[in-house]
Amino acid sequence: MATSRVLIGGGTGFIGSRLGELLIRSSYTVTNVSRMPGINNISWTDLECTGLLPMTNAVVNCAGQQVMDLTKKWTPGFKQNVASSRIYTTKALAKAVNTAKHKPKVFVLITGVGAYEASPYCRYDESSAITGKDFFSTLCKDWEAAADIKPPVRLVIIRSGVVIGRWGGMIKNMFLPFWLGLGGRLGDGKQFLPWIHIDDLCRMIQFAIESKIEGIVNGVAPQVITNEEFTQAFARALRRPALLPIPELLLKFLYNPERARMLLTGQYVISKRAEGIGFKFRYKTIDEACKEVARLYPLKLPLTPTSSL
Ligand SMILES: NC(=O)c1ccc[n+]([C@@H]2O[C@H](COP(=O)([O-])OP(=O)(O)OC[C@H]3O[C@@H](n4cnc5c(N)ncnc54)[C@H](OP(=O)(O)O)[C@@H]3O)[C@@H](O)[C@H]2O)c1
């Protein structure tokens, strides 16, 4: 294992960089595919021209323009960027894998539970159909279809819930208002919020690389919660009140109704397969996950390799 390489599309991002740390601690060589130059980076053009680097054992795609980048307006151009940053990066990596002379063992794609249509009633697991009826579900269909990986390379698609980590995603956006005691549920707070702690997601990706699994795995923690339950858990962990709900109309006005819908609706998702394949979560409850991220100072805790999976 010592010299085997993992190529990570979007390896500079919130999930990709934490994954890189974990893999390096586990003695892999990590190379990112990025739009930016960097010591461990190659560009998407390099990938297209020269293909996979020698000793590439696994390829992971964590690339994608942030949907909830609230500094960007929800325009047709931005939506196109959200879609193409996922579909074209996946296509580029899949092509490099399929045309490689020395093939990697596995391609792991990180998509989202938004693949399942939001609903207060439906219960989803990995066997549930994805309908492609709303923006994100349609995008997930095309995104996952772009991972047209030919055997013998294994394809694993992890449909991740909202990732709970101190350095990015939802927690980064919410930390300051909650820390100031200005937090609150979104809308009526009854929408489901499938979630996973970032370290568990990275361990699940490493598990996918090192085991023999194939197909879809929902990357969600065992405890199913609503937005209200998350709000209370995060406020408790920070020892702050969370008494200021953000009204639905305000979110729709600020962020565009289509994007606000992703905050105001959710889906009940479980990971039947995680248990079946023997994956063990370290953060099973939202209280445990929130406690870990409720730190004002951004001290990074080391991530233990997955030998203890
Ligand atoms: N965070 C979550 O809660 C969550 C939940 C479910 C699924 N996901 C999925 O996981 C993936 C990674 O999420 P993240 O939170 O790590 O996001 P992130 O921190 O924004 O990182 C995404 C990476 O994608 C690359 N990227 C952005 N726009 C791009 C573009 N137009 N073309 C090519 N590459 C682009 C960037 O790399 P460079 O700047 O180096 O090029 C960036 O580092 C995304 O596809 C996201 O949908 C995330």
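See the structure shown above.
The structure displayed is predicted, hence computed values, not measured ones. (Residues numbered from 1 in each chain as written. Predicted model: local features only at pLDDT ≥ 70, side-chain atom pairs only at ≥ 80, totals over all residues. Heavy atoms only, no water.)

**Q** What is the right way to read the site of the ligand from this model?
**A** Contacts to the ligand come from 24 residues, most closely from Thr12, Phe14, Ser34, Arg86 and Val163. Take Gly64: an N or O atom from its main chain is 3.0 Å from an oxygen atom of the ligand. Within the complex, the protein chains bury 84% of what would otherwise be the 880 Å² of accessible surface of the ligand. Within the residue set of the shell around the ligand, elements represented by two or more residues are helix H1 (14-25), helix H3 (76-99), strand E5 (106-112) and strand E8 (162-164). Of the residues that constitute the shell around the ligand, the class distribution is nine nonpolar, 13 polar and two charged. (Near = heavy atom within 4 Å. Polar contact = N/O pair within 3.5 Å; in protein donor to acceptor, adjacent residues only side chain to side chain. Areas by Shrake-Rupley, 256 points an atom, 1.4 Å probe, with all protein chains shown as cover. Helix = DSSP H or I, 4+ residues; strand = E, 2+ residues; numbered from the N terminus. Nonpolar A, V, L, I, M, F, W, Y, C, P; charged D, E, K, R; others polar.)

**Q** It is not clear to me how the packing of aromatic side chains should be interpreted in this structure. Could you clarify?
**A** Any aromatic ring pair is given by two values, namely how distant the centres are and how the planes are angled relative to each other. All told, the structure shown has 10 aromatic pairs when counted by the stated rule. For the pair Phe178 and Phe234, a centre-to-centre distance of 5.1 Å together with 45° between the ring planes defines the contact as tilted. Of this pair, Phe178 sits in helix H5 (residues 169-179) while Phe234 sits in helix H7 (residues 227-238), and the two are 56 residues apart along the sequence. One exposure class covers both Phe178 and Phe234, and it is buried. Residue classification places Phe234 among the buried positions, given a relative accessible area of 0%. Chaining the aromatic ring pairs together yields one cluster made of Phe175, Phe178, Phe230 and Phe234. In this structure, Arg123 is placed above the aromatic ring of Tyr268, and the distance from its NZ or CZ to the ring centre is 4.0 Å. Just above the ring of Phe175 sits the side chain of Arg166; from NZ or CZ to the centre is 3.7 Å. (Phe/Tyr/Trp six-rings, centres within 6.5 Å; stacked < 30°, edge-to-face > 60°. Buried < 20%, exposed > 50% of the residue type's maximum accessible area, 1.4 Å probe, protein only. Lys NZ or Arg CZ within 6 Å of the ring centre and 35° of its normal.)

**Q** Please explain H5 as it appears in this structure.
**A** Within the sequence span of H5, burial applies to Met170, Ile171, Met174, Phe175 and Phe178. Along H5, the residues classed as buried sweep out an arc of 135° about the axis, all on the same side. Every exposed residue of H5 that faces more than 90 degrees away from the buried side is listed here: Lys172 and Leu176. Of the surrounding elements, those touching the buried residues of H5 are E8, H7 and helix H11 (286-293). (Arc of directions from axis to C-beta. Contact = heavy atoms within 4.5 Å.)

**Q** Please clarify how the pairing of E5 should be interpreted in this entry.
**A** Every regular strand shows the same layout, with side chains that alternate between the two sheet faces. When you tally the buried positions in E5, you get seven out of seven residues, the bulk of the element. Burial of the side chains of E5 extends over both faces: Val106, Val108, Ile110 and Gly112 are buried on one face and Phe107, Leu109 and Thr111 on the other. Here strand E4 (residues 56-61) runs beside E5; their pairing, made up of four bridges, is parallel. Bridge pairing links Val60 to Val108 in E5. With seven bridges joining them, E5 and strand E7 (residues 154-160) adopt parallel strand pairing. Following the sheet pairing, Val108 is matched in E7 by Val156. (Pairing = 2+ DSSP bridges.)

**Q** Hey, could you run me through the layout of surface pockets in this one?
**A** To locate leftover empty space, one rolls a probe as large as a water molecule over the atoms. There is about 220 Å³ of room inside the second largest pocket. If you go around the second largest pocket, you meet 13 residues; those closest to its centre are Leu47, Glu48, Ala92, Lys95 and Ala96. Among the elements of the structure, helix H2 (44-50) and H3 are those that each provide at least two residues to the lining of the second largest pocket. (1 Å grid on protein atoms, 1.4 Å probe; cavity = no way out; pocket = protein on both sides within 12 Å on 5 of 7 lines; lining within 4 Å. Points joined across faces, edges and corners; volume = space filled by probe spheres on them.)

**Q** Can you help me understand a nonpolar patch on the surface in this one?
**A** Taken together, the side chains of Leu176, Leu180, Leu182, Leu243 and Leu244 make up a nonpolar region of the molecular surface, amounting to roughly 530 Å² of accessible area. Residue placement: Leu176 occurs in helix H5. You can call Leu176 exposed: its relative accessible area is 53%. (Patch = residues over 30% accessible without salt bridge, like charges linked within 9 Å, V, L, I, M, F, W, Y side chains within 5 Å. Salt bridge = Lys/Arg side-chain N within 4 Å of Asp/Glu carboxyl O.)

**Q** Where do I start with the sheet that holds E5 in this structure?
**A** In a beta sheet, neighbouring strands are held together by backbone hydrogen bonds and run either parallel or antiparallel to one another. Spatial strand order, E3-E2-E1-E4-E5-E7-E10: seven strands in an open sheet with parallel pairing. Only two strands of the sheet have a single neighbouring strand rather than two, namely strand E3 (41-42) and strand E10 (215-219). Bridge analysis of E7 against E10 gives five bridges, and the strand direction is parallel. Bridge pairing links Ile158 to Val217 in E10. Across the sheet, helix H6 (residues 198-210) lies against strand E1 (5-9), E4, E5, E7 and E10, angled at about 165° from E7, the strand it touches most. (Axes fitted to C-alpha atoms, helices over the stretch in contact; angles between N-to-C directions.)

**Q** Looking at this model, I keep getting lost on the pattern of salt bridges. Mind explaining?
**A** Pairs can form between side chains of opposite charge once their charged atoms are near each other. A full pass over the atoms with the stated rule returns 13 salt bridges. Across the pair Glu258 and Lys79 runs a salt bridge, and its minimum N-O distance is 2.6 Å. Here Glu258, found in helix H9 (residues 257-264), pairs with Lys79, found in helix H3; they are 179 residues apart in sequence, far enough to count as distant. For Glu258, a relative accessible area of 29% translates into the label partly exposed. Between Arg159 and Glu144 there is a salt bridge whose closest N-O contact spans 2.7 Å. Of the two residues, Arg159 sits in strand E7 while Glu144 sits in helix H4 (residues 135-145), which places them 15 residues apart along the sequence. Assessed through its relative accessible area of 10%, Glu144 is described here as buried.

Purely spatial values, then, with no claim about function.
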